[in-house]
Every structure is written in structure tokens, then in C-alpha cells.
Amino acid sequence: MIAVTKEERARELYDLIRACRMCALAETRTRAVPGEGPLDADVMFIGEAPGMHEDQQGRPFVGAAGQFLTELLAEAGLRRDEVYICNVLKCRPPGNRDPLPGEIAACAEYLDLQIDLVDPLVIVTLGRFSMARWFPQAAISRIHGRPATVDGRVIVPMYHPAAALRQANLREVMVEDFRRLAEVIARARSGATAAVERVRWSDDTQKTHSAAPAEEAVQGPPIEDASISGAAGDPGTGPQQIPLFE
Ligand code: SF4
């Protein structure tokens, strides 16, 4: 039968994910975690991969990081049940290790299909691995909380809530970023995507990215002259300018 409604397409997709064996994580997972939320959500949050609790329950962000995410959503004026939440990987890496490039590649089409299905106005990436999908060379410590428009959609890179649980000094940073997110969403909903700022990738940003894990390198207040390159949709063209909100 050909699926025609969003709900039918989602059911098919989730069934595919739960049965997927396209990478080795299928051998060690308890349950795959497709994602959840309204299929017409304006805002989609994309994390890294399921952890232990998510693996057991088959739902995203249900552990301590998920509780903190729910608090952060409130700072942005959002309820958890009005946003769509998923991960780059749908199955838990053993010991919560970082996703491997081959795993990310194997799982990428599922995320493509979810983005296509929900078609959100705003995508919030949580952590380095989802950020890298749009800004593969950027450092999260430099661009967190700064919205960019990529292929007509607003992308907002944020730290992963688990990073704030490991590093107390990130907690306030994330709260501030989420408070600003409320305005970003309001502007996106009103269609006000006026480009007001031009940004370029700089040597300094690249150095920060390569010197240390980005989530551990918090450097002062949000940058005014951000640097982003290699955004999806224009790969391989070197430094490029991306319009940001004010
Ligand atoms: S992580 Fe993704 S590609 Fe790998 S088995 Fe799970 S659903 Fe399939």
C-alpha cells in the first residue's frame, strides 16, 4: 500500500528504523530510537545518539539530559510535546562513545527523511555531531546560539544538554541560548528572515576547532563576527557567507 498521509509515512519510516541493520550498532542496541513529536512541528531538535535510558525505552532524550532539555525548552517558551526530537544516530553506540563516521553515513538517510517529513521552520542542532551536518568545519564554542539560514531553513547550533551536565559553566550558556531561541522562532514563524549579518570562516575559528573538543572550549561571550563555512548545500567552495539574524 502506498503511504499518503504524514502519519503513514512516519509509521513506515519508524518501522524501517526499528528493523534496520545497516550498521554494527544493530548488534548491540536494545531498541532503535526513531524520534518523536508532532509531524507538523515548527521546531526540530536533533541530538547525537540514544543513551542507555533511550536505548531501553526506545524514546529520545528521556534521561538526565532529556530532563534538562525539557527545562531548556521552557526557557524558549516551548513545551516538549510541541517540538519534534530525534538524533543523528537511531541506535546507541556501546558505552555512549562518539558516533563513527560510517555509522553517521549509514543512518543519514533516515534523518533526511525525517526532516523532509516534518519540514520544520527551525532546526536546532544539539552538540557537535548534528551541527557538523550543516557546518562541518565550525567549532560549536564559536557559533552556539547563532542562527544561520541554510537552503531557506533556519539552523541554530546549540551545545548538547549532556555537555552542560558534565560542565557546570555551560549550563548558563545554554539557558541564555535557549532564551534567545524564542525570538528566533518567532521571527521564523513571521517569515522575517532578513539577512543582517555577513560571516566568514577565520583561521582563529579553525584553530579553536582543531585544538580541543569543541564542547569543552567555551570562549567568552557569543561572537559578533562569527565564522562558518562548508554549510550543507554548498560543499567544497571554501569560505562562504551565510546570512544570520540580528
Ligand atoms: S544506527 Fe541507524 S544505520 Fe545503524 S542500525 Fe541503527 S538505524 Fe540502522
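1. A closer look at the sheet that holds strand 5 (residues 153-158)
Phase 1 of the analysis: The five strands are arranged 2-1-3-5-4 in an open sheet whose pairing can be described as mixed. Edge positions in the sheet fall to strand 2 (84-87) and strand 4 (148-150), since each of these pairs with one other strand and no more. Strand-to-strand, the axes of this sheet are offset by a mean angle of 30 degrees, without reference to chain direction.
Phase 2 of the analysis: Note that strand 1 (residues 43-47) and strand 3 (residues 122-126) share four bridges and pair parallel.

2. Comments concerning the environment of Y14
Phase 1 of the analysis: As for its position among the elements, Y14 is in helix 1 (residues 6-19).
Phase 2 of the analysis: Along the sequence, Y14 and A32 sit 18 residues apart, while their C-alpha atoms lie 9.0 Å from each other.

3. Structural notes on the pairing of strand 1
Phase 1 of the analysis: Of all five residues that make up strand 1, five are buried, and the element is covered over most of its length.
Phase 2 of the analysis: A two-sided burial pattern is seen for strand 1, the buried positions comprising V43, F45 and G47 on one face and M44 and I46 on the other.
Phase 3 of the analysis: Both strand 1 and strand 2 contribute to a ladder of four bridges, which runs parallel. Each residue of the ladder has a partner; that of F45, found in strand 2, is I85.

4. Focus on helix 4 (residues 64-75)
Phase 1 of the analysis: Here helix 4 is 12 residues long and its end C-alpha atoms lie 17 Å apart, about the 16 Å a rise of 1.5 Å per residue gives.
Phase 2 of the analysis: Among all positions in helix 4, only A65, G66, L69, L72 and L73 are buried. Projected down its long axis, helix 4 carries its buried residues within an arc of 110 degrees, all on one side.
Phase 3 of the analysis: On its buried face, helix 4 sits against helix 8 (161-166) and helix 9 (169-190).
Phase 4 of the analysis: The positive-phi residue at the C-terminal boundary of helix 4 is G77, with phi of around 75 degrees.

5. Focus: unusual backbone geometry
Phase 1 of the analysis: Even without a glycine there, the phi angle at N96 is positive, about 60 degrees.
Phase 2 of the analysis: A positive phi angle, near 50 degrees, is found at D119, a position not held by glycine.
Phase 3 of the analysis: Within the fold, D119 resides in the loop between helix 5 (101-118) and strand 3.
Phase 4 of the analysis: What makes D119 partly exposed here is the crowd of 14 C-beta atoms within 10 Å.

6. Observations concerning the packing of helix 1 against helix 5
Phase 1 of the analysis: Look at helix 1 against helix 5: their axes get within 11 Å of each other, and the N-to-C directions meet at 165 degrees. Comparing the axis directions of helix 1 and helix 5 gives the class roughly antiparallel. The interaxial crossing formed by helix 1 with helix 5 has left-handed handedness. Side by side, helix 1 and helix 5 meet where K6, R9, A10, L13 and I17 of the first sit next to Y110, L113 and L117 of the second.
Phase 2 of the analysis: The class makeup of the residues in the contact of helix 1 with helix 5 is six nonpolar, no polar and two charged.

7. A word on the confidence of the model for the protein
Phase 1 of the analysis: Across the protein, pLDDT averages 83, with 76% of residues at or above 70.
Phase 2 of the analysis: Note that residues 194-246 has pLDDT below 50 and, in this model, 100 contacts with residues that lie over four places away or in other chains.

About the cut-offs
Residues numbered from 1 in each chain as written. Predicted model: local features only at pLDDT ≥ 70, side-chain atom pairs only at ≥ 80, totals over all residues. Pairing = 2+ DSSP bridges. Helix = DSSP H or I, 4+ residues; strand = E, 2+ residues; numbered from the N terminus. Axes fitted to C-alpha atoms, helices over the stretch in contact; angles between N-to-C directions. Buried ≥ 20, exposed ≤ 12 C-beta atoms within 10 Å, placed from the backbone. Expected span 1.5 Å × (residues − 1). Arc of directions from axis to C-beta. Contact = placed C-beta atoms within 7 Å. Parallel < 35°, antiparallel > 145°, perpendicular 65-115°, else oblique. Left-handed = near helix turned anticlockwise from the far one by under 90°. Nonpolar A, V, L, I, M, F, W, Y, C, P; charged D, E, K, R; others polar. pLDDT = per-residue confidence, 0-100.

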